[in-house]
Amino acid sequence: MPSEQSYRKRTMTQPIQQLTDEHGRIRGMLSCFEAQLDRFERAERPDYEILEGSIAYCQEYLDRWHHPREDALLELLQRRAPPEAGACAELEEQHLRLARTTGEVVKVFEEVERDAEYSRARLVEMGRILVDDYRRHLDWEEANFFPALRGHLLPEDWREIAPRFADASDPLTQSPIDQRYRILFSALDEP
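Residues numbered from 1 in each chain as written. Predicted model: local features only at pLDDT ≥ 70, side-chain atom pairs only at ≥ 80, totals over all residues. Heavy atoms only, no water.

A. Broad picture of unusual backbone geometry. Phi angles above zero are rare outside glycine, and Ala 43 is one such case at about 65 degrees. Structurally, Ala 43 can be placed in the loop between α1 (4-41) and α2 (48-80). (Helix = DSSP H or I, 4+ residues; strand = E, 2+ residues; numbered from the N terminus.)

B. Representation of the nonpolar core. In terms of nonpolar packing, the biggest core is built from 33 residues, with Ile 26, Met 29, Phe 33, Tyr 57, Leu 62 and Tyr 134 touching the most fellow members. Elements with a minimum of two residues in this core: α1, α2, α4 (90-113), α5 (119-152) and α7 (182-188). Broken down by element, this core gets its largest block of residues, eight residues, from α2. Not counting residues up to four positions away in its chain, the partners in contact with Leu 62 are Ile 26, Met 29, Tyr 57, His 67, Pro 68 and Tyr 134. (Core = buried A, V, L, I, M, F, W, Y, C linked by side-chain atoms within 4.5 Å. Buried < 20%, exposed > 50% of the residue type's maximum accessible area, 1.4 Å probe, protein only. Contact = heavy atoms within 4.5 Å.)

C. Looking closely at α5. Across its 34 residues, α5 extends 47 Å between first and last C-alpha, which sits within 8% of the 50 Å expected from 1.5 Å per residue. Most pronounced at Glu 141, the bend in α5 amounts to some 40 degrees. (Expected span 1.5 Å × (residues − 1). Bend = angle between axes of the 7 residues up to and from the residue.)

D. Region of the structure containing the packing of α2 against helix α6 (residues 155-166). At their nearest, the axes of α2 and α6 sit 10 Å apart, and the two run at 165 degrees to each other. By the angle between their directions, the pair α2 and α6 is classed as roughly antiparallel. Viewed along their axes, α2 and α6 form a crossing whose handedness is right-handed. Here Pro 68, Arg 69, Ala 72, Leu 73, Leu 76, Arg 79 and Arg 80 of α2 come into contact with α6, specifically with Glu 156, Asp 157, Trp 158, Glu 160, Ile 161, Arg 164 and Phe 165. (Axes fitted to C-alpha atoms, helices over the stretch in contact; angles between N-to-C directions. Parallel < 35°, antiparallel > 145°, perpendicular 65-115°, else oblique. Left-handed = near helix turned anticlockwise from the far one by under 90°.)

E. Expanded view of the pattern of salt bridges. For the structure shown, the criterion picks out 14 salt bridges. Taking the shortest distance from any N to any O, the salt bridge between Glu 34 and Arg 135 comes out at 3.1 Å. Note that Glu 34 is positioned in helix α1 and Arg 135 in helix α5, a separation of 101 residues in sequence. For Glu 34, a relative accessible area of 23% gives the class partly exposed. By relative accessible area, Arg 135 is classed as partly exposed at 24%. The partner of Arg 80 in a salt bridge is Glu 156, and the shortest N-O contact between them spans 4.0 Å. Pair noted here: Arg 80 is in helix α2 and Glu 156 is in helix α6, with a separation of 76 residues, a long-range link. (Salt bridge = Lys/Arg side-chain N within 4 Å of Asp/Glu carboxyl O.)

F. Quick peek at the confidence of the model for the protein. Put simply, the protein has an average pLDDT of 87, and 90% of its residues get 70 or more. In the predicted structure, residues 6-11 sits below a pLDDT of 50 and forms 12 contacts with residues beyond four places in sequence or in another chain. (pLDDT = per-residue confidence, 0-100.)

G. Focus on the environment of Leu 149. Mapped onto the elements of the fold, Leu 149 is located in helix α5. Owing to a relative accessible area of 0%, Leu 149 belongs among the buried residues under this scheme. Remark: the alpha-carbon pair of Leu 149 and Leu 73, spanning 76 residues in sequence, is separated by 7.6 Å. Residue contacts for Leu 149: discarding those within four places in its chain leaves Ile 16, Leu 73, Leu 77 and Trp 158.

This is the structure in structure tokens:
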């Protein structure tokens, strides 16, 4: 007969694994985005489809689906283990800050698309801030939030949250791939 711990581990594996897999794709997207910022900074022509796809991915998937699911997990953690949730309380603020920074990058990107030359340096600066903020955020979640979830949520908590993880799938894993993400998706597969 399986132990409570092995049952608990199997029950949580799907949402945690889904988040971990998404973090891997986010890191890949950030690398692609950063490579285009490097080109832009050297006054070379970047792949605007990768830049646009990355920004769209942040706004349309991460801000609307990925982060709200993590926030819902934080709510469960607050009910189950308030002290550990308190240690992870900055999660929601990190998500809000990432959404604000993404919004600022979008505004600057739109200016650059309208040939506002003075905004080129600002786009690189804001893009690098976004990349750095996301990388710090992912590292923080993996070092602090995910272990708290694994250590304190019970099988019934994971069952409760499971429908939230079935609501939306990462657009970088859908088939056929959405046209907005086609070039970004291809870039993720490049060495």
